[in-house]
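So you can see what is in the structure, the chains are spelled out below.
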Amino acid sequence: MKIQVIAIGNRLPNWAEEACNDYLRRFPKDWNVEVKALKAEDRTGRPIAKIMQAEAERIKNALPKEALPIALDEHGKDLTTKELANQFRRWYDSSQSIAFIIGGADGLASEIKEMGPFNLRLSSLTLPHALARVLLLEQIYRSWSLIHNHPYHRA
């Protein structure tokens, strides 16, 4: 299974970079998980709509053609960890590649949110982008652990 996290913003605080790298190292070879960080658009004196459109173009160019896009959005589907793990099991069983998309400071353009079968909400809380990236990778790893009866998830 190939899973890509496409995220606007290529600079993370050290703690977040370390946490992301820790989770990325844990995956077995049959779960190829990687992060593709894209440069955020310069916000100086530009309309938000133009910024979001420019970031949307970067995201579309970075999306693997075969990957199913899942945008992270505050209005997205609110899954439990077990529901997410079950979804991963279906994707894995069907050999589906996935691309999770984390937008920039202003969120994601509508065209990105409309690309996939659903959008995913990580939390009802507003999260900083660095924490959202760590949380997403942790939940992907936790899903793997549930599917494979690994002791990481002790529910």
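Residues numbered from 1 in each chain as written. Predicted model: local features only at pLDDT ≥ 70, side-chain atom pairs only at ≥ 80, totals over all residues. Heavy atoms only, no water.

### Digging into the nonpolar core
Of all hydrophobic cores here, the largest spans 29 residues; its most connected members are Ile 3, Trp 31, Phe 88, Trp 91, Phe 100 and Ile 140. Mapped by element, the contributors of at least two residues to this core are strand E1 (2–8), helix H1 (14–26), strand E3 (67–77), helix H3 (81–93), strand E4 (97–102) and helix H5 (129–147). When residues of this core are assigned to their parent elements, the largest contribution, eight residues, is made by H5. Setting aside its immediate chain neighbours within four residues, Trp 91 contacts Met 1, Leu 68, Ile 70, Gln 96, Ile 98, Phe 100 and Phe 118. If you look at the next biggest cluster of nonpolar residues, it comprises 15 residues, including Ile 6, Ile 8, Ile 59 and Leu 108. (Core = buried A, V, L, I, M, F, W, Y, C linked by side-chain atoms within 4.5 Å. Buried < 20%, exposed > 50% of the residue type's maximum accessible area, 1.4 Å probe, protein only. Helix = DSSP H or I, 4+ residues; strand = E, 2+ residues; numbered from the N terminus. Contact = heavy atoms within 4.5 Å.)

### Some words on the sheet that holds E3
Strand pairing in a sheet is mediated by backbone hydrogen bonds. Such pairs are either parallel or antiparallel. As summarised here, the arrangement of the four strands in space is E2-E1-E4-E3, forming an open sheet in which the pairing is parallel. Two strands bound the open sheet, and with one partner strand each, they are strand E2 (32–38) and E3. Looking at each pair of strands side by side, their axes are set apart by 25° on average, direction ignored. Sheet topology note: the E3/E4 ladder contains five bridges and is parallel. Bridged to Ala 71 within E4 is Ile 101. (Pairing = 2+ DSSP bridges. Axes fitted to C-alpha atoms, helices over the stretch in contact; angles between N-to-C directions.)

### Focus on the pattern of salt bridges
One pass over the full model with this rule turns up 11 salt bridges. Taking the shortest distance from any N to any O, the salt bridge between Arg 43 and Asp 106 comes out at 3.1 Å. Pair noted here: Arg 43 is in the loop between E2 and helix H2 (48–62) and Asp 106 is in the loop between E4 and helix H4 (110–113), with a separation of 63 residues, a long-range link. Its salt-bridge partner being Glu 111, residue Lys 60 comes within 2.5 Å of it at the nearest N-O pair. With Lys 60 in helix H2 and Glu 111 in helix H4, the pair connects residues that are 51 residues apart, well separated along the chain. The partly exposed category is assigned to Lys 60, whose relative accessible area is 29%. Classification of Glu 111 by relative accessible area gives partly exposed; the value is 27%. (Salt bridge = Lys/Arg side-chain N within 4 Å of Asp/Glu carboxyl O.)

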